[in-house]
Structure formats: structure tokens, C-alpha cells
Amino acid sequence: MANDRSNGNEYTGPLARLLLGVLVLCLFAVFMIWRIDSPRVERFRAQITDQFVPRLDWAMAPVTGTINLLKDFQSYQRLAEQNRELRSELRRMQAWKEAALQLEQENARLLDLNNVRLDPRLTYITGVVLADSGSPFRQSVLLNVGARDGVVEGWATMDGIGVVGRISGVGDSTARVILLTDASSRIPAVIQPSGQRTIVAGDNSAAPPIEFLEDDDQVRPGDRVISSGDGGVFPPGLLIGQVALDPSGKLRVRLSADYQRLEFLRVLRHHGTAPVSDTAHIIGPQLPAQPVIAQDGPTQ
């Protein structure tokens, strides 16, 4: 029995190696046939394909069915996701519609207040942002307007919606703007409607914190933050942003200006507030002095 087993092992090993070699040769031959670029070989390949591929449809049916099922499931998922997005967009559109109606009513009321006069000195120059030197330590942009355009250091800049920063460094044809988010920026502001005065201090983040607030309880997220005009840094009444609460509970300002798309900036011409030198004309007109009439006493 042992001899028979050993003889079987002696024949099995060489036979397996022979079959493996034949299989490798067949695969190599098939590979070479499929790589040869010849019309005759191409016809041969076409005949092989016509003979074997149609007969494999029954074997590919489960695979094809599974693939179609997966595609239908993915299509259903996309439809469900699009449905959710459309519902969310519909809710946003309804909110925008309500906001538009409120703004329309507010605009109608404001049009009645046509006696309000704006400061005629508060004009602006439009400049193009040439470069952005934003970094973790300094955040500023470069404008293509400078001293030849009358730009003065300290003037405020806006993007058409909110305050962006102030001019810090003026060349002949360019000017540097320090953004509100820069760590060196300190802007006096007023929070409406509470009237709380505060300082918007940059800290190189997208939402600068609020410092030196008198009473935190009177401030709510969503309150408007505008420039106060204190110190003559900025003109009063410029929109800065809205109050927001960060995860740590600290009050910050969500800036109204779009800092991701700073292409054009308005440089506001502001020459400060005229000082009051004669307070008598403010209190009232100065009356002329009345002559004093001396009265003679009775004679003895």
C-alpha cells in the first residue's frame, strides 16, 4: 500500500507541473492572439466572440439583475435627497418671501421720511482689490487707489454692505486696508436696539469678539452692530454686523461684509466732525445788553 501511494505521488507531481505549463502556454497564446493586429486574426477573434459570448447570457443574468437593482436603489436615494433639498429650499424661499414683504413695508415707511438729510461730506472712492496678504498674523488687502486720488490714512472702507476695514498706509497709487478681523483693529461701536457701546476687537478670526460691554444682559444674538463714531475713527452709523454667540458663550460679531469675495471696496471720505467753538449760538441767540437806568432816591 505504501509503495502504491508513493508511486501515485511520483506521477501526480510531474503531471500537475505539465498541466500548469500547458495552461500557461494556452493563456500566453490567447494573449498573443488578442494582441496581434491583423485582419485575419481579427476575424478569428470575432468568430470566437460570436460563438461563446451569446451562450453566457444565462450566466450573466443574475449579475445584470443585481447591477440594475443597485442602480435603481441609488436612483431612489438620489430622488429622496433631491426631495429633501427641494423642501429645504422651499422653506428658505418662504422665509425670504416673508423677509421681502417686511422689507417692502419698511421701505414704504422710509420713503415717507424724505426729510432726512445725509452728511454731504460722506462720499466715497471705489477701488479694486489688487492683492490679499491675509495671514495668521496680519490680515489686510491692497487697493489701486492712493494719495493721487485723495485717499487719507484712517478712512473707512466698505464692500457696499458692511464695513471691511480702515486705510493704514497710503502710497501714490495704492493703499493698504487693515481688515476688521486683524488683531490690531479696534473699532468703537453701538449695539442696537439696546444702545450699548462696545469695542469690536479683531483677533484674526472670521467673527471678532465684543469687548468692554457695559451690560451683557441687554444684548441678544441678532442685534445690529454699527459704528459709533467715537474718537473720530469711523463715521457713525456704518453697519458692521450682527451679534452672535460662539460655542464658548462669548459674544462676537458676525460681519456683514463678504470677506470671501473682496473685489471692489468703497473708501469713504470722512474729514471728521467739525468742532464746536461757540456754544452760545447753540444755547440760544445772544441778547443785547439792556442799559441800566439809575433811580434817584428821595431827597431829604
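A brief look at the structure comes next. In this text, all values refer to a predicted model and were calculated from it rather than measured experimentally. (Residues numbered from 1 in each chain as written. Predicted model: local features only at pLDDT ≥ 70, side-chain atom pairs only at ≥ 80, totals over all residues. Heavy atoms only, no water.)

### Overview of the overall build of the chain
Phase 1 of the analysis: Across its full length, the chain holds 4 helices and 12 strands.
Phase 2 of the analysis: The buried share among the 300 residues of the chain stands at 23%.
Phase 3 of the analysis: Partitioning the contacts of the chain with sequence separation of at least 6, the portion at a separation of at least 24 is 52%.
Phase 4 of the analysis: Carbon and sulfur atoms make up 58% of the accessible area of the chain, which amounts to about 22,300 Å² in all. (Helix = DSSP H or I, 4+ residues; strand = E, 2+ residues; numbered from the N terminus. Buried < 20%, exposed > 50% of the residue type's maximum accessible area, 1.4 Å probe, protein only. Contact = heavy atoms within 4.5 Å. Areas by Shrake-Rupley, 256 points an atom, 1.4 Å probe, with all protein chains shown as cover.)

### So, the sheet that holds strand β10 (residues 239-245)
Phase 1 of the analysis: With antiparallel pairing, the 6 strands of this open sheet are ordered in space as β8-β7-β6-β9-β10-β11. On the outer flanks of this sheet lie β8 (210-211) and β11 (251-255), each paired with one strand and no other.
Phase 2 of the analysis: Pairing of strand β9 (residues 224-227) with β10 involves 3 bridges; the strand directions are antiparallel. Pairing of I226 across the sheet is with L239, part of β10. (Pairing = 2+ DSSP bridges.)

### Description of the packing of aromatic side chains
Phase 1 of the analysis: Counted under the stated rule, the structure contains 0 aromatic pairs.
Phase 2 of the analysis: Taking NZ or CZ as reference, R266 lies 4.6 Å from the ring centre of Y124, over its face. (Phe/Tyr/Trp six-rings, centres within 6.5 Å; stacked < 30°, edge-to-face > 60°. Lys NZ or Arg CZ within 6 Å of the ring centre and 35° of its normal.)

### So, the pattern of salt bridges
Where charged atoms from two side chains of opposite charge approach closely, those side chains can pair.
Phase 1 of the analysis: Following the criterion strictly, the structure yields 3 salt bridges and no others.
Phase 2 of the analysis: The partner of D230 in a salt bridge is R197, and the shortest N-O contact between them spans 2.9 Å. You can see D230 sitting in the loop between β9 and β10 and its partner R197 sitting in strand β7 (residues 196-201), a full 33 residues away along the chain.
Phase 3 of the analysis: Of the charged contacts, one joins R252 and D246 as a salt bridge, the two residues approaching to 3.2 Å between their closest N and O atoms. The same class applies to R252 and to D246, which are both buried.
Phase 4 of the analysis: Through salt bridges with shared partners, a single network forms among D203, D246 and R252. (Salt bridge = Lys/Arg side-chain N within 4 Å of Asp/Glu carboxyl O.)

### Things to note about the nonpolar core
Phase 1 of the analysis: L180, V225, I240, Y259 and L262 are the most contacted members of the largest nonpolar core, which has 37 residues in total.
Phase 2 of the analysis: Setting aside anything within four residues of it in sequence, one finds L262 in contact with V129, V141, D159, V164 and L179. (Core = buried A, V, L, I, M, F, W, Y, C linked by side-chain atoms within 4.5 Å.)

### Points about unusual backbone geometry
Phase 1 of the analysis: Residues Q192 and P193 are joined by a peptide bond in cis, for which omega reads 10°.
Phase 2 of the analysis: Tracing the sequence through the fold places P193 in the loop between β6 (186-192) and β7.
Phase 3 of the analysis: Within the chain, N204 stands out as a residue other than glycine whose phi angle is a positive 65°.
Phase 4 of the analysis: On the accessibility criterion, N204 (25% relative accessible area) is partly exposed.
Phase 5 of the analysis: One non-glycine residue, F212, adopts positive backbone phi at about 55°.
Phase 6 of the analysis: Position of F212 among the secondary structure elements: in the loop between β8 and β9.

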